[in-house]
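Examining the three-dimensional arrangement
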Amino acid sequence: MGKVLQVRVWASTYSEDEVRDAWPRLYELAFPKEQQRYVAKTGVVEMIETLVDACRFADWSDELKAYAKEPLDAIFALRQELEEALSEWNPQKANQLTDKIEDALSDLEKDLPNE
């Protein structure tokens, strides 16, 4: 890799609309409609980071916070593993982790208590 011209490997969300379609309840918890105009990016990684913070600081019910904390911590750990795999230029592991992250988000979406 050159000093000026560098190669980067990263994961990104192709279509933010697909995030909203795949996990509508999680998306709304992360990016409430009344605040969406202030959000620059609403991809999967951004949603995970926002949900982890929201679980700690947002005005969620105690039931929702108690239910979501452990799964969100696990999803955040997977997201960190993804970053490590990408920084190590390990696309196979990164691809496996994207599947795990999406499955974990789908499981959380499906089992969320009603707010």
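Residues numbered from 1 in each chain as written. Predicted model: local features only at pLDDT ≥ 70, side-chain atom pairs only at ≥ 80, totals over all residues. Heavy atoms only, no water.

1. With respect to the layout of surface pockets
For clarity, the threshold we go by: With a 1 Å grid laid over protein atoms only, a set of points is called a cavity when a 1.4 Å probe fits there but cannot get out and a pocket when it is open yet has protein on both sides within 12 Å along at least five of seven lines; lining residues have an atom within 4 Å of a point. Grid points are joined across faces, edges and corners, and a volume is the space filled by probe spheres set on the points. Strands are runs of DSSP state E lasting at least two residues, helices are runs of H or I lasting at least four, and both sets are numbered from the N terminus onward. For this classification, the nonpolar set comprises Ala, Val, Leu, Ile, Met, Phe, Trp, Tyr, Cys and Pro, the charged set comprises Asp, Glu, Lys and Arg, and every other residue, Gly included, is treated as polar.
The space that makes up the largest pocket amounts to roughly 300 Å³. Residue lining of the largest pocket: 17 residues in total, with Ser12, Thr13, Trp23, Val44 and Glu102 positioned closest to the centre. Those elements that provide at least two residues to the lining of the largest pocket are helix H1 (16-22), helix H3 (44-57), helix H4 (62-87) and helix H5 (91-111). Residue composition of the lining of the largest pocket, grouped by class: 10 nonpolar, 4 polar and 3 charged.

2. Quick notes on the environment of Thr42
Cut-off, in case you're wondering: Note on definitions: a residue-residue contact is assigned when non-hydrogen atoms from the two residues lie within 4.5 Å. For this analysis, a polar contact is any N or O atom pair within 3.5 Å, provided that within protein one partner can donate a hydrogen and the other can accept it, and provided that sequence-adjacent residues contribute only side-chain to side-chain pairs.
Looking at the secondary structure, you find Thr42 in the loop between helix H2 (24-30) and H3. Between the C-alpha atoms of Thr42 and Ile75, which are 33 residues apart in sequence, the distance is 17 Å. Dropping the residues within four chain positions of it, Thr42 is found in contact with Glu16, Val19, Tyr27 and Phe31. A distance of 2.8 Å separates polar atoms of two side chains, one belonging to Thr42 and the other to Glu16. Of the polar contacts made by the side chain of Thr42, one reaches the side chain of Tyr27; its length is 3.2 Å.

3. So, unusual backbone geometry
Residues other than glycine seldom take positive phi values, yet Trp89 does so here, at roughly 55°. Within the secondary structure layout, Trp89 lies in the loop between H4 and H5.

4. Some points on the pattern of salt bridges
Selection criterion: The working definition used for a salt bridge is a side-chain nitrogen of Lys or Arg within 4 Å of a carboxyl oxygen of Asp or Glu. Note on exposure labels: buried denotes an accessible area under 20% of the residue type's maximum, exposed denotes more than 50%, and partly exposed covers the range between, all computed with a 1.4 Å probe on protein chains only.
Under the defined criterion, the tally for this structure stands at 4 salt bridges. Ionic pairing is found between Lys41 and Glu16, a salt bridge with its closest N-O pair at 3.8 Å. Highlighted residues: Lys41 in the loop between H2 and H3 and Glu16 in helix H1, separated in sequence by 25 residues. Among the residues examined, Glu16 registers a relative accessible area of 26% and is labelled partly exposed. Its salt-bridge partner being Arg20, residue Asp17 comes within 2.5 Å of it at the nearest N-O pair. One end of the pair is Asp17 and the other is Arg20, both in helix H1 and 3 residues apart, which spans about a single turn. On the accessibility criterion, Asp17 (45% relative accessible area) is partly exposed.

5. Section: H4
Keep this limit in mind: By this rule the span expected of a helix is its residue count minus one, scaled by 1.5 Å. One axis is fitted to the seven residues ending at the residue and one to the seven starting there. The bend at that residue is the angle between these axes.
Look at H4: 37 Å from first C-alpha to last across 26 residues, which is about the 38 Å you get at 1.5 Å a residue. In H4, a bend of some 35° at Lys69 exceeds every other bend along the element, and Pro71, a proline, comes one to four places later. Buried residues of H4: Leu64, Ala68, Leu72, Ile75, Leu78, Arg79, Leu82, Ala85 and Leu86, and no others. Structurally, H4 contributes buried residues whose contacts are with H2, H3 and H5. Just downstream of H4 lies Trp89, where phi reads positive at about 55°.

6. Quick notes on the nonpolar core
For clarity, the cut-off: Definition used in this section: a nonpolar core is a set of buried Ala, Val, Leu, Ile, Met, Phe, Trp, Tyr and Cys residues joined via side-chain atoms within 4.5 Å.
Counting 29 residues, the largest nonpolar core has Leu26, Met47, Leu51, Trp60, Leu72 and Leu105 as its most contacted members. Residue contacts for Leu26: discarding those within four places in its chain leaves Met47, Leu51, Leu105, Leu108, Glu109 and Leu112.

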